[in-house]
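Examining the three-dimensional arrangement
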Amino acid sequence: MQFGLSIIVIKWLIIKKYNPCYNTLMKHSLLEILACPVCKGPLELKVAAEENGEITAGSLRCGKCGVEYPITEGIPDLLPPEKENR
Ligand SMILES: [Zn+2]
């Protein structure tokens, strides 16, 4: 669902722009606005490395469809798997 993904990204960008508390990288609080771009299910955060409340490495896993999205250098990669052309 391209449309759903755009909404999530736009929402995130707006929050990052207008709320100084969100102006950095992946945080626990960001989980509340993120949803699986494939099925809109809730995402489960797995933290591999954390610094000052920001998750610098880890993954977001969908509890519904099981797709896992990596977080690298604090940026969650929420591309649906079918778009990656692997
Ligand atoms: Zn899902």
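In what follows, the accompanying structure is described. (Residues numbered from 1 in each chain as written. Predicted model: local features only at pLDDT ≥ 70, side-chain atom pairs only at ≥ 80, totals over all residues.)

Moving on, we come to the overall build of the chain. Helix and strand counts for the chain stand at 1 helix and 4 strands. When the elements of the chain are put in sequence order from the N terminus, they spell out α-β-β-β-β. By the burial criterion, 15% of the 86 residues in the chain qualify as buried. Across the chain, every contact between residues at least 6 apart in sequence was considered, and the portion connecting residues at least 24 apart equals 40%. (Helix = DSSP H or I, 4+ residues; strand = E, 2+ residues; numbered from the N terminus. Buried ≥ 20, exposed ≤ 12 C-beta atoms within 10 Å, placed from the backbone. Contact = placed C-beta atoms within 7 Å.)

Right, let's talk about the nonpolar core for a bit. By size, the foremost hydrophobic cluster in this structure holds 11 residues: Met26, Leu30, Ala35, Cys36, Val38, Leu43, Ile55, Leu60, Tyr69, Ile71 and Leu78. Discounting residues that sit within four places of it in the chain, Ile55 has contacts with Met26, Lys27, Leu45, Val47, Glu50, Ile71 and Gly74. (Core = buried A, V, L, I, M, F, W, Y, C linked by C-beta atoms within 7 Å.)

Read across the open sheet, the 4 strands follow the order E1-E2-E3-E4; overall the sheet is antiparallel. Each edge of the open sheet carries a strand with a single partner, namely strand E1 (43-51) and strand E4 (75-76). Sheet analysis places strand E2 (residues 54-62) next to strand E3 (residues 68-72), joined by 5 bridges and oriented antiparallel. Its bridge partner being in E3, Gly58 is matched across the sheet by Ile71. (Pairing = 2+ DSSP bridges.)

You will see that Asn52, though not glycine, has its phi angle at about 50 degrees, which is positive. Topologically, Asn52 is positioned in the loop between E1 and E2. A count of 8 C-beta atoms within 10 Å places Asn52 in the exposed class. Phi angles above zero are rare outside glycine, and Glu73 is one such case at about 50 degrees. You can see Glu73 is positioned in the loop between E3 and E4. Owing to 8 C-beta atoms within 10 Å, Glu73 belongs among the exposed residues under this scheme.

What follows deals with the environment of Thr72. In this fold, Thr72 is placed in strand E3. Sequence-wise, Thr72 and Ala57 are 15 residues apart; in three dimensions their C-alpha atoms are separated by 5.2 Å. In this structure, Thr72 is in contact with Ala57 and Asp77, ignoring residues within four places of it in sequence.

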